[in-house]
Amino acid sequence: MTRAVLLRALTKKKKLVPSNIHRSISITNLSRCISTLILAEHESGSIKPQTVSTIFAANHLGESSSVSLLLAGSGSSLQEAASQAASCHPSVSEVLVADSDRFEYPLAEPWAKLVDYVRQQRDYSHILASSSSFGKNILPRVAALLDVSPVTDVVKILGSNEFIRPIYAGNALCRVRYTGAGPCVLTIRTTSFPVTPITESKKATISQIDLSNFKKESVSRSRYVGQSTQDTERPDLGSARVVITGGRALKSVENFKMIEKLAEKLGGAVGATRAAVDAGYVPNDLQVGQTGKIVAPELYMAFGVSGAIQHLAGIKDSKVIVAVNKDADAPIFQVADYGLVGDLFEVIPELLEKLPEKK
């Protein structure tokens with residue numbers, strides 16, 4: 001009798017195995033049903049490289065994730081950018097276009113409401129943007145509207161809900177698991193992901209967003225004042241292959257022009273430390289570091305830069321770091337691949353003399 005009861009109990013346990021297998025398969029399939037909305041940056045009818053890097057990062061969320069790009073603005077340049085976005089990466093399945101004067105300028109309030117409006121119609125599992133001033137301006141407001149906690153400055157994606165991000169000015173990496181019920185809102189540090197060249201691939205569907213039910217705020221809390229760009233042939237600081245940076249040791253605006261001349265000879269971008277920016281040597285859009293731009297060039301040259309922790313946080317992904325400083329104990333030498341203890345006022349003129357002119 002006892003033996004018969006045990007046999008029946010064991011048989012019942014064996015019958016539970018198939019249901020567990022079915023459950024694991026269901027969870028796996030659920031994790032693969034990932035739909036991602038990426039806020040695309042564009043200018044003068046072209047998609048910015050940061051957006052392409054963000055698309056590359058989105059591919060790590062899951063094996064069969066669908067990627068939609070959201071473009072907003074007005075005029076012919078928006079349609080040109082949408083056409084390029086449709087073929088900028090093979091993983092892009094759809095391009096959503098919001099053509100309205102309300103999005104002529106990238107203000108956070110209308111953009112955030114637009115993202116929420118689109119999400120209500122399509123129910124995305126992930127919302128991404130690059131960790132540029134554009135993404136950092138809009139996505140926190142989007143997260144507030146959705147009542148979720150954003151995960152910022154992601155440098156590595158381990159799965160659909162696990163990410164690596166830097167903390168303590170880049171001195172430590174934190175593994176974050178998102179457990180929220182709403183969509184996962186991420187900003188991507190694009191210097192940690194490759195910028196694949198924009199090539200003509202399969203063309204994604206371009207859809208115009210119906211804005212007839214989109215409500216405009218009666219009272220705007222911000223207004224567009226203006227945008228200034230430097231009239232120069234130098235590459236953009238955030239995506240340049242070579243970056244030449246100067247610190248407060250240059251002492252004046254006139255002396256900082258040596259950095260600009262060296263950058264022109266090497267075909268690179270000009271950067272500066274926060275101390276140099278605060279001293280008024282260069283505008284703040286050239287600041288490199290934790291509170292400035294994060295760069296990852298093939299060659300980073302620092303002249304008169306001590307190597308404060310906030311500055312090092314913005315250059316740690318550089319392939320080769322060259323430092324010139326007269327202080328042999330400067331922290332910059334601890335991270336530099338090549339270091340020269342010397343006076344920059346002697347080193348830079350010698351470099352300018354010996355380097356050939358850029359062709």
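Each chain carries its own residue numbering, running from 1 in the direction its sequence is written. Local features in a predicted model are, by the rule used here, given only for residues with pLDDT of at least 70; side-chain atom pairs are given and counted only at 80 or more, and totals for whole chains, interfaces and linings are based on all residues. No hydrogens and no water enter the side-chain calculation; it runs on all heavy atoms of the structure.

**Q** Where do I start with the overall build of the protein in this structure?
**A** For the protein, the count of helices and strands is 10 helices and 17 strands. Among the 359 residues that make up the protein, the fraction classed as buried is 44%. Counting only contacts in the protein whose residues sit at least 6 apart along the sequence, the fraction spanning at least 24 positions is 67%. A total of about 19500 Å² of accessible surface is found on the protein, and carbon and sulfur atoms cover 51% of it. Only runs of H or I of at least four residues qualify as helices and only runs of E of at least two qualify as strands under DSSP, and these elements are numbered from the N terminus. For every residue, the accessible area obtained with a 1.4 Å probe (protein chains only) is divided by the maximum for its type, and the residue is called buried under 20%, exposed over 50%, and partly exposed between those limits. Pairs of residues are marked as contacts when any of their non-hydrogen atoms sit within 4.5 Å. In short, Shrake-Rupley with a 1.4 Å probe defines the accessible areas, and a residue's cover is counted only from the protein chains shown.

**Q** Please explain the pattern of salt bridges as it appears in this structure.
**A** Side-chain pairs of opposite charge can arise where the charged atoms are in close proximity. Any carboxyl oxygen of Asp or Glu within 4 Å of a side-chain nitrogen of Lys or Arg constitutes a salt bridge here. A complete count under the given rule lists 13 salt bridges for this structure. Between E94 and R122 there is a salt bridge, and its shortest N-O distance comes to 3.2 Å. A residue pair is termed long-range when its members are at least 10 positions apart, and E94 in strand 5 (residues 92-99) and R122 in helix 4 (residues 108-122) qualify at 28 residues. Take E94: its relative accessible area is 16%, and that puts it in the buried class. For R122, a relative accessible area of 37% translates into the label partly exposed. One salt bridge connects R119 with D116, and the closest N-O pair in it is separated by 3.8 Å. Placement of the pair is R119 and D116 together in helix 4, with a separation of three residues, close to one helical turn. The two residues R119 and D116 agree in class, both being buried. In the salt-bridge network here, residues are joined through shared partners; they are E162, R175 and R177.

**Q** Any chance you could explain the sheet that holds strand 9 (residues 162-167) here in plain terms?
**A** Backbone-to-backbone hydrogen bonds pair the strands of a sheet. The strands run either parallel or antiparallel. Pairs of strands are assigned from DSSP output, requiring at least two bridges between the strands. Read across the open sheet, the three strands follow the order 8-9-10; overall the sheet is antiparallel. Of all the strands in the sheet, the pair left with one neighbour each is strand 8 (156-157) and strand 10 (172-177). Here strand 8 pairs with strand 9 via two bridges, running antiparallel. In the sheet register, I157 faces strand 9, and the bridge partner there is F163.

**Q** Can you help me understand the packing of helix 4 against helix 5 (residues 133-146) in this one?
**A** In a pair of packed helices, the angle between the axes and the distance between the axes together describe the arrangement. In this analysis an axis means a line fitted to C-alpha atoms, helices contributing only their contacting stretch, and an angle means the value between N-to-C directions, from 0 to 180 degrees. The contact between helix 4 and helix 5 brings their axes to 9 Å, and the two run at 50°. Judged by the angle between their axes, helix 4 and helix 5 are oblique. Seen from above, helix 4 lies across helix 5 with right-handed handedness. Facing helix 4, whose interface residues are A108, E109, W111, A112, K113, V115, D116 and R119, helix 5 presents F134, N137, I138, R141, V142, L145 and L146. Taken together, the residues of the contact of helix 4 with helix 5 sort by class into nine nonpolar, one polar and five charged. In this scheme, roughly parallel covers angles under 35 degrees and roughly antiparallel covers those over 145, while 65 to 115 is roughly perpendicular and the rest are oblique. Handedness of each helix crossing follows the sense of rotation of the near helix against the far helix: counterclockwise by less than a right angle gives left-handed, clockwise gives right-handed. Under the grouping applied here, Gly and all other residues not named as nonpolar or charged are polar, the nonpolar ones being Ala, Val, Leu, Ile, Met, Phe, Trp, Tyr, Cys and Pro and the charged ones Asp, Glu, Lys and Arg.

**Q** Can you walk me through the packing of aromatic side chains in this structure?
**A** Where two aromatic rings form a pair, the distance of their centres and the angle of their planes describe that pair. Classification of ring pairs rests on two measures: the distance between centres of Phe, Tyr or Trp rings, Trp counted by its six-membered ring, which must be within 6.5 Å, and the angle between planes, read as stacked under 30 degrees, edge-to-face over 60 and tilted in between. Evaluation of the coordinates by the stated rule reveals four aromatic pairs. Here W111 and F134 contribute two aromatic rings whose centre-to-centre distance is 5.2 Å and whose plane-to-plane angle is 85°, an arrangement assigned as edge-to-face. Taken together, the positions of W111 in helix 4 and F134 in helix 5 put the pair 23 residues apart, joining distant regions of the chain. By the burial criterion, W111 is buried, and F134 matches it.

**Q** Explain the side chain of S35 to me, please; I cannot follow it from the model alone.
**A** Mapped onto the elements of the fold, S35 is located in strand 1 (residues 35-39). Among the residues examined, S35 registers a relative accessible area of 18% and is labelled buried.

**Q** Would you mind going over the side chain of E162 with me for this structure?
**A** On the secondary structure map, E162 appears in strand 9. N or O atoms within 3.5 Å of each other form a polar contact, as long as, within protein, one can give a hydrogen and the other can take it, and as long as residues adjacent in sequence are counted only when both atoms are side-chain atoms. Only 2.6 Å separates the side chain of E162 from the side chain of R175, close enough to count as a polar contact. With residues up to four places along the chain from it excluded, the contact list for E162 reads I157, R175, V176 and R177.

**Q** Help me out: how do you make sense of the pairing of strand 11 (residues 184-188) in this one?
**A** Side chains on a regular strand alternate between the two faces of the sheet. Burial within strand 11 is extensive, with five of its five residues counted as buried. Residue alternation in strand 11 divides its side chains into two sets, C184, L186 and I188 and V185 and T187, and both sets are buried. Relative to strand 11, strand 6 (residues 126-130) runs parallel, the two being bridged by five bridges. Looking at the pairing, L128 lines up with L186 of strand 11.

**Q** Please clarify how the nonpolar core should be interpreted in this entry.
**A** Among soluble globular proteins, nonpolar side chains are generally buried collectively. Residues belong to one nonpolar core when they are buried, are Ala, Val, Leu, Ile, Met, Phe, Trp, Tyr or Cys, and are joined through side-chain atoms within 4.5 Å. Grouped together as the largest cluster of nonpolar side chains are 59 residues, with contacts concentrated most on L39, L70, L71, L114, F163 and L186. Setting aside residues up to four positions removed in sequence, F163 forms contacts with L61, V151, V154, K156, I157, C174, R175, V176, Y178, C184 and L186. If you look at the next biggest cluster of nonpolar residues, it comprises 23 residues, including L250, A263, A276 and M301.

**Q** Honestly, helix 4 in this entry has me stumped. Any pointers?
**A** The periodicity of an α-helix, 3.6 residues per turn, causes residues three or four positions apart to be oriented the same way. A helix is expected to span 1.5 Å for every residue after the first. In this model, helix 4 (15 residues) spans 21 Å end to end at C-alpha, consistent with the 21 Å of a helix rising 1.5 Å per residue. A large share of helix 4 lies buried, amounting to 11 of its 15 residues. Looking at helix 4, one finds that the buried residues are A108, E109, P110, W111, A112, L114, V115, D116, Y117, V118 and R119. Contacts made by the buried residues of helix 4 are with strand 1, strand 4 (66-73), strand 5, strand 6 and helix 5. Looking at the residues trailing helix 4, positive phi occurs at D123, about 55°.

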